[in-house]
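Overview (structure and organization)
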Amino acid sequence: MTLLEGSVGVEDLVLLEPLEQESLLKNLQLRYENREIYTYIGNVLVSVNPYQQLPIYGPEFIAKYWDYTFYELKPHIYALANVSYLSLRDQDRDQCILITGESGAGKTEASKLVMSYVAAVCGKGEQVNSVKEQLLQSNPVLEAFGNAKTIRNNNSSRFGKYMDIEFDFKGSPLGGVITNYLLEKSRVVKQLEGERNFHIFYQLLAGADAQLLKALKLEKDTRNYAYLNRKLSRVDGMDDASNFKAVQRAMAVIGFSEEEIRWVLEVTALVLKLGNVELEDEFQANGISASGIRDRRGVQEIGEMVGLKSEELERALCSRTVETAKEKVVTALSVTQAQYAQDALAKNIYSRLFNWIVNRINESIKVGTGEKKKVMGVLDIYGFEILEDNSFEQFVINYCNEKLQQVFIEMTLKEEQEEYKREGIPWRKVDYFDNGIICNLIEHNQQGILAMLDEECLRPGVVSDSTFLAKLNQLFSKHGHYESKVTQNAQRQYDHTMGLGCFRICHYAGKVTYNVDSFIDKNNDLLFRDLSQAMWKAQHPLLRSLFPEGDPKQASLKRPPTAGSQFKNSVAILMKNLYSKNPSYIRCIKPNEHQQRGQFSLELVAVQVRYLGLLENVRVRRAGFAYRQQYRPFLERYRLLSRSTWPHWNGGDREGVEKVLEELSISSEELAFGKTKIFIRSPRTLFYLEEQRRLRLQQLATLIQKTYRGWRCRTHYQLMRKSQILISAWFRGNMQQKRYGKIKASTLLIQAFVRGWKARKNYRKYFRSGASLILANFIYKSLAQKFLLGLKNSLPASVLDKKWPAAPYRCFSTTNQKLRQLFYQWKGKKFRDQLSPKQVEILREKLCASELFKGKKASYPQSVPIPFHGDYIGLQRNPKLQKLKGGEEGPVLVAETVKKVNRGNGKASSRILLLTKGHVILTDAKNSQAKTVIGLDSVAGVSVTSFKDGLFSLHLSEISSVGSKGDFLLISEHVIELLTRMYQAVLDATQRQLPITVTEEFSVRFKKGSVDVKVTQGPGGAEDSKLSCKKKGSRRLEVAV
């Protein structure tokens, strides 16, 4: 039993403590947030819609719940279905599962799960599988024609359904019977904003191929049809096209012929076409207002499709024949009256088509009358409804729920009383609210509300909703569960929520105010005889069969039964059916209005808990003893609490239970011992037993752990001791074997040496002393000579040739490496001796450039083969520039034209740069006058980019006179040569190394502050040598190269 142990909250609300609405709601919320959507109230299942797929269904879980009884696993719909099916199969008791809840609570899905479970666990075989498939495939057909998207639910059932599944004595399904209740046919002609018409209309337009649409004279666009909500044609997560194919397949599986499927689709198309017939005002010759068809093409298409003359349909829509016993009077209808007749015809056609489909399914799944059968009924019907504006539909729905609540209370009390009687427990009368007075208020044959409504509909004279309300006020003025504005005024009560055209009934779930507007019309549900006769004249077989009263031979002046009386009779038959079966209940709850998973609205759920009467259900269930259990399972669970029954008990189960409870000193008023079960009155006592069991389990667990740990330690010690002895034996043996091996090897070695010494001693007199050494030296010298001569012929021709012959023997490897090193050193010295001092100086400059820029600047590889020239401006031909360098400076190291980047705007201007051994001189390119003379000791560093550009920054020391003006940003076409010679000049002049930094981001200090320079490579890349400088504010300069 898992009701208490390891559960989330309380799994059975019968055990809830304290029993209040707040605690009940909190328990449901806690379980819902932990994805536990099912909760019990005894044998009643409460299901909260999760709005998501949970991994708790399928063959694995079906097999799991098939093997256990009701309370042995977590609450689940499979457990309830399993109990019902086993009771039907094994105890031969007819079953009924009642599924209730408001729209969007998950009633349809619950009924599907029940049927899928029963189909999975019942018998197998070709015929049985065929019956199961027909029963299951009835769901998509009925959903297509009876379900619609509403504000609350994307797949809301707009009719009540009761299915009797019939089984043979082995529990295998034979067939079934489906009964439908109160289809919401007003949806055919009008839908609220955000809602759709029945699914089949959208499925037909989306899923039918072009040929079928042409045959039905339809178009795919839903906006072309007046009866469809033109603002909403699709529903998220619903594929109308694939659903249409599924409906066609399901109808074929059930047994519909291709011709019947075509008939059904033609009648469905007829309803759509009928909504597009537009009416207009006309006037008769005598000036009386009449109506006519604006565009006769729509009427002609309808007539062609169903085999009806368009004039007949137009006459039936625009006029009415009133027939008495003596004469017939034809009256023209106004546009309003004709539109009412048009909508009434569409609603009647669709409603009768739905009834025909249900009857056709019943024909396919019905069972022969001669077979003995068992029955399981599944009732999927509307829950209690309280809307802002409650009309006739809500009145009959709530009446049905009153009857179901009455059945539930009576059957629950009856079941409790029978169990007490079986167990020999005295039965105490239970106080509960009997809603029979409310049912009688509605359904009394002479003085009930429905009877008064029928009487008003049949009464001659002026009849209206107001006269009906006045009759109710007169008849029920003193009734305790009836209120209206008149009765409140008589009692001097003021209620602004009560309208003049309303009355209120105090239902078991709360007070509901009904607006009597349209009660008379909806109860009459009349269809003019002209329309029935026109439909009967159609050549379409199905449409003709839907209107048998249109046959003139069967014409009757008797009024058809009202909608209220029909529903009342259906409810009476349903109640009789339920009373004859063993009921099970599934109460479905919608957790939020937005169909969002994980959201739990306490206010919304509280309203549904009141509508469903859950608190009343719990109170009735707990009226006597809250908990009961058979003696054996109870003893197995709690026998560890008594030293007499633990660990072994050889007596009877009841005696063992008595021993356990006696030692726990539980009050006798809390207990009752039945014939096969123990009864516990209060949940508090059960919680006490569970707490004592938990503490006892901790004690036993500690004892088991202590015993196990001792055994494990002893076993471990013994294993370690055996292992140690074994390892020691193997180790000693191995050591002795190794020692013996070493002694043996040493002995053999000594013997070999001794034998060798003796042999050499004996043979020495026969050979020259030292001959072997001479032979060895000769061989070594021969090999060395051969190696050196071979090396002579394979020497590299150039110092740049790195191919060197490998040593023929490993003993020459070191010598070979030394020779290779000496050879290249000799070759290098020989090459250097041939060079002039000027060439040596050029190579030293190239070496310095390599150390500074190799692998750092992209333009370096291009500068390697080009010798440093120094003079790029013709210095010898310009005496003015020669004067600038001064006499003591020596030769000019570099003379070239550079570009100086302006500090203010980033623009470049040409300058002549002269590099001497002591200064860097910048002169104007036009007048050859010195602009700036920078001592090399003032140069602090140089920053240059890694790209192929010639941009560099000359950083000056701040303490120098020139450096106070700031750094220089220059562009040179020979930047590698310039910076290399500047580096050597600084080193010679100041004995320090000039820092040259290769970077794309550096800071240049100007007189007014520093500027950050960022160098980027432009779209031209390396091929584009142009530089562009852009000033970004006062502190940033971007250079694109």
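Along each chain, numbering runs from 1 in the same order as the chain's sequence is written. Totals for whole chains, interfaces and linings use every residue, but because this is a predicted model, local features are given only for residues with pLDDT of at least 70 and side-chain atom pairs only at 80 or more, for both listing and counting. Only hydrogens and water are removed before side-chain values are computed, so all heavy atoms of the structure are retained for them.

- You'll find the protein entered in an unreviewed UniProt entry as Unconventional myosin-Ia, with Ceratotherium simum simum given as the organism.
- UniProt positions are given in the numbering used here, feature names are shortened, and annotations may be inferred rather than shown by experiment. Database annotation for the protein, UniProt heading Sequence similarities (unreviewed entry): "Belongs to the TRAFAC class myosin-kinesin ATPase superfamily. Myosin family."

A short note on helix α22 (residues 602-612)
- Turning to α22, its buried residues number three or more, namely Leu-604, Val-605, Ala-606, Gln-608, Val-609, Tyr-611 and Leu-612.
- Contacts made by the buried residues of α22 are with α1 (21-33), β3 (95-100), α13 (392-423), β16 (582-589) and α23 (614-621).
- Strands are runs of DSSP state E lasting at least 2 residues, helices are runs of H or I lasting at least 4, and numbering of each runs from the N terminus. A positive phi of about 65° marks Gly-613, the residue just after α22. The buried label goes to any residue with under 20% of its type's maximum accessible area, the exposed label to any with over 50%, and the partly exposed label to all in between, with areas taken from a 1.4 Å probe on protein chains only. Residues are treated as being in contact if the distance between any of their heavy atoms lies within 4.5 Å.

A few points about the nonpolar core
- Remark: nonpolar core denotes a set of buried residues (Ala, Val, Leu, Ile, Met, Phe, Trp, Tyr, Cys) joined through side-chain atoms within 4.5 Å. Ranked by internal contacts, the top residues of the largest apolar core, which has 209 residues, are Phe-145, Leu-345, Ile-349, Phe-395 and Phe-503.
- Considering every element that reaches this core, the biggest residue donor is helix α12 (residues 335-365), with 15 residues.
- Sequence-distant contacts of Phe-395, defined by excluding residues within four places in its chain, comprise Ile-442, Ile-449, Leu-450, Phe-503, Ile-505, Tyr-514 and Phe-519.
- One finds Phe-853, Val-898, Val-962 and Met-982 within the second-largest nonpolar core, a separate group that totals 33 residues.

With respect to the UniProt feature "binding site: ATP" (unreviewed entry) in the protein
- Here, UniProt's "binding site: ATP" (unreviewed entry) annotation points to Gly-101, Glu-102, Ser-103, Gly-104, Ala-105, Gly-106, Lys-107 and Thr-108.
- Here Ser-103 shows up in the loop between β3 and α4 (107-121).
- A relative accessible area of 10% places Ser-103 in the buried class.
- Apart from residues no more than four positions distant in its own chain, Ser-103 is found in contact with Thr-150, Arg-152, Asn-153, Ser-156, Arg-158 and Lys-590.
- Tracing the backbone through its elements, the reader meets Lys-107 in helix α4.
- Sequence-distant contacts of Lys-107, defined by excluding residues within four places in its chain, comprise Ile-99, Thr-100, Gly-101, Glu-102, Asp-380, Ile-381, Tyr-382 and Cys-588.
- From its side chain, Lys-107 meets the backbone oxygen of Glu-102 in a polar contact 3.2 Å long. Here a polar contact means two N or O atoms within 3.5 Å. Within protein one must be a hydrogen donor candidate and the other an acceptor candidate, and residues neighboring in sequence count only if both atoms are side-chain atoms.

Brief notes about the sheet that holds strand β14 (residues 502-507)
- Pairing between two strands is assigned when DSSP locates at least 2 bridges connecting them. Spatial ordering of the open sheet is given by β13-β14-β15, a layout of three strands whose pairing is antiparallel. Sheet topology places β13 (482-484) and β15 (510-515) at the edges, where each strand pairs with a single neighbour. Averaged over all adjacent pairs, the angle separating strand axes in this sheet is 25°, with direction ignored. In this description, a line fitted to the C-alpha atoms serves as the axis of each element, helices being fitted only across the stretch in contact, and the angle between N-to-C directions of two axes falls anywhere from 0 to 180 degrees.

Let's talk about the sheet that holds strand β18 (residues 671-673)
- Ordered by their spatial adjacency, three strands build an open sheet running β17-β19-β18, and the pairing between neighbours is antiparallel. Whereas interior strands pair on both sides, the edge strands pair on one side only; in this sheet they are β17 (627-630) and β18. Strand-to-strand, the axes of this sheet are offset by a mean angle of 15°, without reference to chain direction.
- Summarising the sheet, β18 and strand β19 (residues 677-680) pair through three bridges and their orientation is antiparallel. Pairing of Phe-673 across the sheet is with Ile-678, part of β19.

Here's the deal with the packing of helix α10 (residues 296-306) against helix α11 (residues 310-318)
- Interaxial distance between α10 and α11 falls to 8 Å at its minimum, and their mutual angle equals 115°. In this structure, α10 crosses over α11, and the sense of that crossing is right-handed. Facing Arg-296, Val-299, Gln-300 and Ile-302 of α10, the residues of α11 in contact are Ser-310, Leu-313 and Glu-314.
- Amino acid classes used here: Ala, Val, Leu, Ile, Met, Phe, Trp, Tyr, Cys and Pro are nonpolar; Asp, Glu, Lys and Arg are charged; the rest, including Gly, are polar. Broken down by class, the residue content of the contact of α10 with α11 amounts to three nonpolar, two polar and two charged. Left-handed describes a crossing in which the near helix is turned anticlockwise from the far one by less than a right angle; the clockwise case is right-handed.

Describing the side chain of Asn-473
- When you line up the elements, Asn-473 lands in helix α16 (residues 465-475).
- Residue Asn-473 is classed as buried on the basis of its relative accessible area, which comes to 9%.
- Asn-473 has contacts with Tyr-482, Ser-484 and Val-486, leaving out every residue within four places of it along the chain.

A few points about the packing of aromatic side chains
- Aromatic rings from Phe, Tyr and Trp, taking only the six-membered ring of Trp, are treated as a pair when their centres fall within 6.5 Å; an angle between ring planes under 30 degrees marks them as stacked, one over 60 as edge-to-face, and anything in between as tilted. Taken as a whole, this structure holds 27 aromatic pairs when the rule is applied.
- Seen in terms of ring centroids, Trp-804 and Phe-823 are 5.5 Å apart; in terms of plane orientation they differ by 45°. Their pairing is tilted. With Trp-804 in the loop between α27 (771-793) and α28 (813-834) and Phe-823 in helix α28, the pair connects residues that are 19 residues apart, well separated along the chain.
- Judged by relative accessible area, which is 15%, Trp-804 ranks as buried.
- Among the aromatic residues, those joined into a cluster by ring pairs are Phe-392, Phe-395, Phe-468, Phe-476, Tyr-482, Phe-503, Tyr-514 and Phe-519.
- As a reminder, the over-ring test applies to NZ of lysine and CZ of arginine, requiring each to be within 6 Å of the ring centre and within 35 degrees of the ring normal. For Arg-196, the ring lying beneath its charged end belongs to Tyr-202, and the centroid distance is 4.0 Å.

Thoughts on unusual backbone geometry
- Following Glu-17, the chain continues into Pro-18 via a peptide bond in cis, with omega recorded as 0°.
- As for its placement among the helices and strands, Pro-18 is situated in the segment before α1.
- Cis rather than trans, the peptide bond between Trp-646 and Pro-647 has omega equal to 5°.
- Checked against the element boundaries, Pro-647 lands in the loop between α24 (631-638) and α25 (653-663).
- One non-glycine residue, Lys-217, lies in positive phi territory at about 60°.
- Among the secondary structure elements, Lys-217 is positioned in the loop between α7 (210-215) and α8 (240-254).

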